Amino acid sequence: MTTVFTILFDGVAYGMLLFVLACGLAVTLGLMNFVNLAHGAFAMTGGYICAVLVNNQGWPFFTALPLAFVVSALVGVALERTLYRHLYTRSHLDQVLFTIGLTFMSVAAVDYVMGSSRIFIKLPAALEGQFDLFGVGIGRYRLMIIVICGLLTVALQLILARTRFGSRLRAAVDDSRAAVGLGINVPQVFAFTFAFGCGLAGLGGALSAEILGLDPYFPLKFMIYFLIVVTVGGSSSITGPFLASLLLGIGDVAGKYYVPKMGPFVIYTMMIVILIWRPNGLFGRSAAR
């Protein structure tokens, strides 16, 4: 039982991390109907910003985390205003080709500037190690990830469902012409939403660097995980990707523990089974827009 609870704890922490990394893609794909396969590049940006500030400049870890969010969001704003905005009305194929090109460009640029070695972020002493709770080893860093990601999930759900901005965003997506007629600045709403999603990706990249490691190929290695989370959960809500992240995180950790030789295939098997049962995802709409 101790092993089971340990796997559950580590799986929940990993799932929460996957959600923060992927929820920005869930927002841009589900709410803006834009396929951004360069999402991992923004996560990598936040990770490297945090790593440079903490490892090279000696900044406190909790000071570097917000800056990773801000810098990634600003990069997202700059790219959205100059490049992405011209693709909103284009086909999904055009969006995929363009964003995958940006991904390869970011990989090459980071490899040239930072080198190809995998790096990790130096954690404060308070986050290192673990403590026992009823015989279950609780990692301090993973517990912090669960708390931070849980608070972000609740805040994101409240923003989208209960605030005026969430209403404006839904209106802009459902019928942009009607939204403009009601006085909603649709380009501004899209720019802010895109920047917020990029900022979340950057924050997720900073949080994941210690667990997943950070190298120039980070966007390519974990792109499939982001897509699996959004596909399995459904892109029409935040609840679906959140539950899918937890389910896949626990399944991935359990698979690597119980069947280490087949561990990497467990998450793909779960995806296939769920999509056969629910082709549009756990909370997907019955018909695509």
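Within each chain, residues carry numbers counting from 1 in the order of the written sequence. Side-chain atom pairs in this predicted model are given and counted only at pLDDT of 80 or more, local residue features only at pLDDT of at least 70, and totals for whole chains, interfaces and linings cover all residues. The side-chain figures draw on all heavy atoms in the structure; neither hydrogens nor water molecules are used.

## Looking at helix H5 (residues 140-162)
Secondary structure elements are taken from DSSP: a helix is a run of H or I of four residues or more, a strand is a run of E of two residues or more, and numbering for both begins at the N terminus. Take the number of residues in a helix, subtract one, and multiply by 1.5 Å to get its expected span. With 23 residues, H5 ought to run about 33 Å at 1.5 Å a step, and its terminal C-alpha atoms sit 33 Å apart, in line with that. Contacts are assigned to residue pairs that have any heavy atoms within 4.5 Å of one another. At its buried positions, H5 is contacted by helix H1 (2-31), helix H3 (61-82), strand E2 (136-139), helix H6 (164-174), helix H8 (186-212) and helix H10 (239-258).

## Notes on a nonpolar patch on the surface
Taken together, Val4, Phe5, Leu8, Tyr257, Tyr258, Val259, Met262 and Phe265 make up a surface patch of nonpolar side chains, about 800 Å² in accessible area. Among the elements of the structure, H1 and H10 are those that each provide at least two residues to the nonpolar patch. Relative to the assigned elements, Met262 resides in the loop between H10 and helix H11 (263-277). Without a salt bridge and with relative accessible area above 30%, a residue can belong to a patch; like charges are then joined within 9 Å and nonpolar side chains (Val, Leu, Ile, Met, Phe, Trp, Tyr) within 5 Å. Each accessible area is a Shrake-Rupley result for a 1.4 Å probe, and residues are judged covered by the shown protein chains and nothing else. Any Lys or Arg side-chain nitrogen found within 4 Å of a carboxyl oxygen on Asp or Glu counts as a salt bridge.

## Things to note about the state of the cysteines
Whenever a pair of cysteine sulfur atoms sits within 2.5 Å, that pair is classed as a disulfide. Enumeration according to the criterion identifies zero disulfides in this entry. Free of any disulfide, Cys50 has its nearest neighbouring cysteine sulfur in Cys149, separated by 13 Å. Here Cys198 is not disulfide-linked; the sulfur of Cys23 is the nearest cysteine sulfur, at 11 Å.

## Observations regarding H1
If you check H1, its first and last C-alpha atoms are 41 Å apart, about what 30 residues at 1.5 Å a residue would give, namely 44 Å. Working definition for bend: take the seven residues up to and ending at a residue and the seven starting at it, fit an axis to each, and measure the angle between the axes. Where H1 bends most, the angle comes to about 40°, and this point is Ala22. Within H1, 21 of the 30 residues are buried, leaving the element largely enclosed by the surrounding structure. With its phi angle positive at about 55°, Asn33 sits one or two positions after the end of H1. Relative accessible area decides the class of each residue, using a 1.4 Å probe on protein chains only: under 20% of the type maximum gives buried, over 50% gives exposed, and in between gives partly exposed.

## Some remarks on empty space enclosed by the protein
In this analysis the probe radius is 1.4 Å and the grid spacing 1 Å, with only protein atoms considered; a cavity is a set of points the probe fits into but cannot get out of, a pocket is an open set with protein on both sides within 12 Å along at least five of seven lines, and lining residues have an atom within 4 Å of a point. Grid points are joined across faces, edges and corners, and a volume is the space filled by probe spheres set on the points. All told, the structure shown has one cavity of 30 Å³ or more when counted by the stated rule. In this structure, the largest cavity occupies an estimated 40 Å³ of space. Taken together, Leu25, Asn36, Leu37, His39, Gly40, Met223, Phe226 and Leu227 make up the full set of residues lining the largest cavity. Looking at the lining of the largest cavity, the elements with two or more residues in it are helix H2 (39-56) and helix H9 (218-233).

## Section: the packing of aromatic side chains
Two rings belonging to Phe, Tyr or Trp (six-membered ring only in the last case) form a pair when the distance between their centres is within 6.5 Å. Interplanar angles under 30 degrees mark stacking, angles over 60 mark edge-to-face geometry, and anything in between is tilted. Throughout the structure, instances matching the rule amount to 14 aromatic pairs. Ring geometry for Phe69 and Phe196: centres 5.9 Å apart, planes at 75°, overall edge-to-face. On the criterion of sequence distance, the pair formed by Phe69 in helix H3 and Phe196 in helix H8 is long-range, its members being 127 residues apart. Classification of Phe196 by relative accessible area gives partly exposed; the value is 26%. Consider the rings of Phe222 and Tyr225, whose centres lie 5.9 Å apart with planes at 45°: the pair is tilted. Residue Phe222 and its partner Tyr225 are located together in helix H9, separated by three residues, close to a single helical turn.

## Focus: the packing of H1 against H8
For helices, the axis comes from a line fit to the C-alpha atoms of the stretch in contact; other axes are also lines fit to C-alpha atoms, and the angle between any two N-to-C directions lies between 0 and 180 degrees. The geometry of H1 relative to H8 is characterised by a closest axis approach of 8 Å and an angle of 155° between their N-to-C directions. Of the possible angle classes, the one that applies to H1 and H8 is roughly antiparallel. Handedness of the H1/H8 crossing: left-handed. Of the residues in H8, those in contact with Tyr14, Leu17, Val20, Leu21, Cys23, Gly24, Val27 and Thr28 of H1 are Thr193, Phe194, Gly197, Leu200, Ala201, Gly204, Gly205, Leu207, Ser208, Ile211 and Leu212. Note on terminology: angles under 35 degrees are roughly parallel, angles over 145 are roughly antiparallel, angles of 65 to 115 are roughly perpendicular, and the others are oblique. Each crossing is labelled by how the near helix is turned from the far one, with a counterclockwise turn of less than a right angle marking it left-handed and a clockwise turn marking it right-handed.

## Brief notes about the nonpolar core
The biggest cluster of nonpolar side chains holds 83 residues, and the ones touching the most others in it are Cys50, Phe61, Tyr141, Phe190, Leu207, Phe218 and Val232. Top element by residues in this core is H1. It accounts for 15 residues. If we ignore the near neighbours within four places in the chain, the residues touching Phe218 are Leu21, Gly40, Ala43, Met44, Ser208, Leu212 and Gly213. Nonpolar cores are built from buried Ala, Val, Leu, Ile, Met, Phe, Trp, Tyr and Cys residues. Side-chain atoms within 4.5 Å join them into one set.

## Observations regarding the layout of surface pockets
For the second largest pocket, the calculated volume is near 370 Å³. Contributions of two or more residues to the lining of the second largest pocket are made by H3, helix H4 (92-114), H6 and H8. With three residues, H8 is the largest single contributor of residues to the lining of the second largest pocket. Of the residues contributing to the lining of the second largest pocket, the split by class is eight nonpolar, six polar and five charged. Residue classes follow a fixed rule: Ala, Val, Leu, Ile, Met, Phe, Trp, Tyr, Cys and Pro count as nonpolar, while Asp, Glu, Lys and Arg count as charged, and any other residue, Gly among them, counts as polar.

## Remarks on the pairing of E2
If a strand is regular, its side chains alternate between the two faces of the sheet. What you see with E2 is no split at all: Val136 and Ile138 on one side and Gly137 and Gly139 on the other are buried throughout. Here strand E1 (residues 130-133) pairs with E2 via four bridges, running antiparallel. Residue pairing across strands places Gln130 opposite Gly139, the latter belonging to E2. Taking the residues that link successive antiparallel strands as the turn, the E1-E2 hairpin has two residues, and the phi of Phe134 there is positive, at about 55°. By definition, two strands form a pair when at least two bridges between them are found by DSSP.

Remember, this is a structural readout, not a statement about activity or role.
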